[in-house]
Amino acid sequence: MGEIRRPDDMERITTPELAQKFIDEQEVLIREQVGNDKVLLALSGGVDSSVVAAMLIKAIGDQLVCVHVNHGLLRKGEPEQVIEVFRNQMKANLVYVDATDRFLDKLANVDDPETKRHIIGNEFIEVFADEARKLEGVKFLAQGTIWPDILESEKGIKAHHNAGGLPEDLQFELVEPVRILFKDEVRLVGKQLGLPDNMVYRQPFPGPGLGVRCPGAITRDRLEAVRESDAILREEFAKNGLEGKVWQYFTVVPDFKSTGIKDGARSFEWPVIIRAVNTRDAMTATVEHIPYDLMDHLAQRIPAEVKGVNRVLFDWTPKPTGTIEFE
Ligand code: XMP
């Protein structure tokens, strides 16, 4: 399947009917390619791998083995949702690996952003490879490669490393059922396959996860403050109709403390920085205007509910001069 390209005259998938047609065609192709063999998939819970999982479950059922690696840097509720949707509802053959300690132990005291990314990427491959070696008879590896990934790697913009990096003894044939689709088409296909809206329409989330939103050396308590404040921000954006309107919104907890007052006593705690940006292609970004009342509410709620936090700041920086993420 490696060489398959999007035909120049392919009709853009814009309706449930076209999505269904694509799903039906792919189902036949997947069965043809895979036969009775087993397929392995790293299921992150992101849009692309979730849609690939749902397509393969439909086409080949329990010949698919999904591995969900929790690196401890996922958002609140994400691993639980992967288990609920894929294991409980779709009856997928799902291996859940809680590798939180493995990742956080390796990351302890590491403050260089690129070294952090490197450790997370390498460790991910190692955990996944460990799981793959426990399985027998796997011939294929499924991936959520999409058409822009192919175009960008051809132009040299992005090193496309979904499969890349697996050790020599683990070489599989690739199954890439959404390879010729644009992101909006992948979302429509996912919706048509019955995936929940908050999975299909979710905002982009970086591979190194909350790790790049906990700048400097990651500590478990500060990471927890990132996770909890992010959950509050997402809840409030959803309640206030901003979900789906803002490209990316998240919180960052920097590695410094300031003086404040909590429960009538002096507190020396972290600030939470809120970032909310809009962009077309993530190359440049503008800052989203957040209603004043919502900012006010967030400024009350976050320090009241998140342990170790006494201030709320708003990042008013476009890209450039800032990047979207902090690291
Ligand atoms: P920046 O921070 O470079 O981000 O303005 C642009 C977009 O890329 C995402 N991003 C990443 N995604 N691994 C990823 O998979 C990464 O290491 C990474 N760094 C940034 C970021 O969330 C934004 O959407």
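Predicted model, so just to flag it, every value in this text is computed and none were measured. (Residues numbered from 1 in each chain as written. Predicted model: local features only at pLDDT ≥ 70, side-chain atom pairs only at ≥ 80, totals over all residues. Heavy atoms only, no water.)

K.L.:
Quick rundown of the overall build of the protein chain? Include the residues and the values.
P.N.:
A tally of regular secondary structure across the protein chain gives 10 helices and 10 strands. Against the 2.2 N^0.38 benchmark of 20 Å for 327 residues, the protein chain shows a C-alpha radius of gyration of 21 Å, consistent with a compact globule. Along the longest, intermediate and shortest principal axes, the C-alpha atoms of the protein chain span 70 × 40 × 40 Å. Relative to all contacts within the protein chain whose residues are 6 or more apart in sequence, the contacts with residues 24 or more apart total 76%. Roughly 16,100 Å² of accessible area belongs to the protein chain as shown, and the carbon and sulfur atoms make up 52% of that amount. Averaging the locations of the 41 positively and 54 negatively charged side chains of the protein chain gives two centres separated by 3 Å. (Helix = DSSP H or I, 4+ residues; strand = E, 2+ residues; numbered from the N terminus. Rg over C-alpha atoms; globule rule 2.2 N^0.38 Å. Contact = heavy atoms within 4.5 Å. Areas by Shrake-Rupley, 256 points an atom, 1.4 Å probe, with all protein chains shown as cover. Lys, Arg positive; Asp, Glu negative; His and termini not counted. Charge placed at Lys NZ, Arg CZ, Asp CG, Glu CD.)

K.L.:
Account for the site of the ligand, with residues named and values stated.
P.N.:
The full set of residues close to the ligand is Arg-117, Pro-206, Gly-207, Pro-208, Gln-248, Ala-282, Lys-319, Thr-323, Ile-324 and Glu-325. In the environment of the ligand, an oxygen atom lies 3.0 Å from a nitrogen or oxygen atom belonging to the backbone of Gly-207. Take Glu-325: an N or O atom from its side chain is 2.5 Å from an oxygen atom of the ligand. The protein chains hide 68% of the 500 Å² of surface that the ligand would expose on its own. For the shell around the ligand, the per-class residue count stands at four nonpolar, three polar and three charged. (Near = heavy atom within 4 Å. Polar contact = N/O pair within 3.5 Å; in protein donor to acceptor, adjacent residues only side chain to side chain. Nonpolar A, V, L, I, M, F, W, Y, C, P; charged D, E, K, R; others polar.)

K.L.:
Could you give an account of the packing of aromatic side chains, naming the residues involved and the relevant values?
P.N.:
Under the criterion given, the structure shown has two aromatic pairs. Taking the centre distance of 4.5 Å and the plane angle of 25° together, the rings of Phe-237 and Tyr-249 count as stacked. With a gap of 12 residues between them, Phe-237 in helix α9 (residues 220–239) and Tyr-249 in strand β6 (residues 248–252) connect regions that are remote in the sequence. The residues Phe-237 and Tyr-249 share a single accessibility class, namely buried. With a centroid separation of 5.5 Å and an interplanar angle of 85°, the aromatic rings of Phe-314 and Trp-316 are classed as edge-to-face. Sitting over the ring of Phe-205, Arg-75 keeps its end group 3.9 Å from the ring centre. (Phe/Tyr/Trp six-rings, centres within 6.5 Å; stacked < 30°, edge-to-face > 60°. Buried < 20%, exposed > 50% of the residue type's maximum accessible area, 1.4 Å probe, protein only. Lys NZ or Arg CZ within 6 Å of the ring centre and 35° of its normal.)

K.L.:
Could you give an account of the pairing of strand β8 (residues 265–278), naming the residues involved and the relevant values?
P.N.:
Most of β8 is tucked away: 10 of the 14 residues are buried. Strand direction decides the pairing type here: β6 and β8, joined by five bridges, are antiparallel. Looking at β8, one finds that Tyr-249 is bridged to Ala-276. One ladder, built from five bridges, connects strand β7 (residues 258–262) with β8; its direction is antiparallel. Its bridge partner being in β8, Lys-262 is matched across the sheet by Ala-265. Counting the residues between successive antiparallel strands, the hairpin from β7 to β8 contains two residues, one of them, Asp-263, with a positive phi of roughly 50°. In this sheet, strand β10 (residues 309–314) lies alongside β8 in parallel orientation, the contact comprising five bridges. Its bridge partner being in β10, Ile-274 is matched across the sheet by Phe-314. (Pairing = 2+ DSSP bridges.)

K.L.:
Could you give an account of helix α5 (residues 113–134), naming the residues involved and the relevant values?
P.N.:
Over its 22 residues, α5 runs 32 Å from end to end, which matches the ideal 32 Å to within 8%, given 1.5 Å per residue. Taken residue by residue, α5 has Lys-116, Ile-119, Ile-120, Glu-123, Val-127, Phe-128, Ala-129, Glu-131 and Ala-132 as its buried positions. Where α5 is buried, its residues touch β1 (38–42), β2 (64–70), β3 (93–98), α4 (100–107) and β4 (138–142). (Expected span 1.5 Å × (residues − 1).)

K.L.:
Describe the pairing of β6, with residues and values.
P.N.:
Of all five residues that make up β6, five are buried, and the element is covered over most of its length. Of the two faces of β6, the one carrying Gln-248, Phe-250 and Val-252 and the one carrying Tyr-249 and Thr-251 are both buried.

K.L.:
Hey, could you go over the sheet that holds strand β5 (residues 173–175) for me, with residue numbers and the actual values?
P.N.:
The strand order across the open sheet formed by five strands is β3-β2-β1-β4-β5, and the pairing between neighbours is parallel. Edge positions in the open sheet fall to β3 and β5, since each of these has one partner strand only. Pairs of neighbouring strands in the sheet enclose a mean axial angle of 30°, with direction left out of account. Examined bridge by bridge, β1 and β2 share four bridges and lie parallel to one another. When the sheet's bridge partners are listed, Val-39 is paired in β2 with Leu-64. Contacts between helix α3 (residues 78–89) and the sheet are confined to β2 and β3, with β3 contributing the most and set at about 165° to the helix. (Axes fitted to C-alpha atoms, helices over the stretch in contact; angles between N-to-C directions.)

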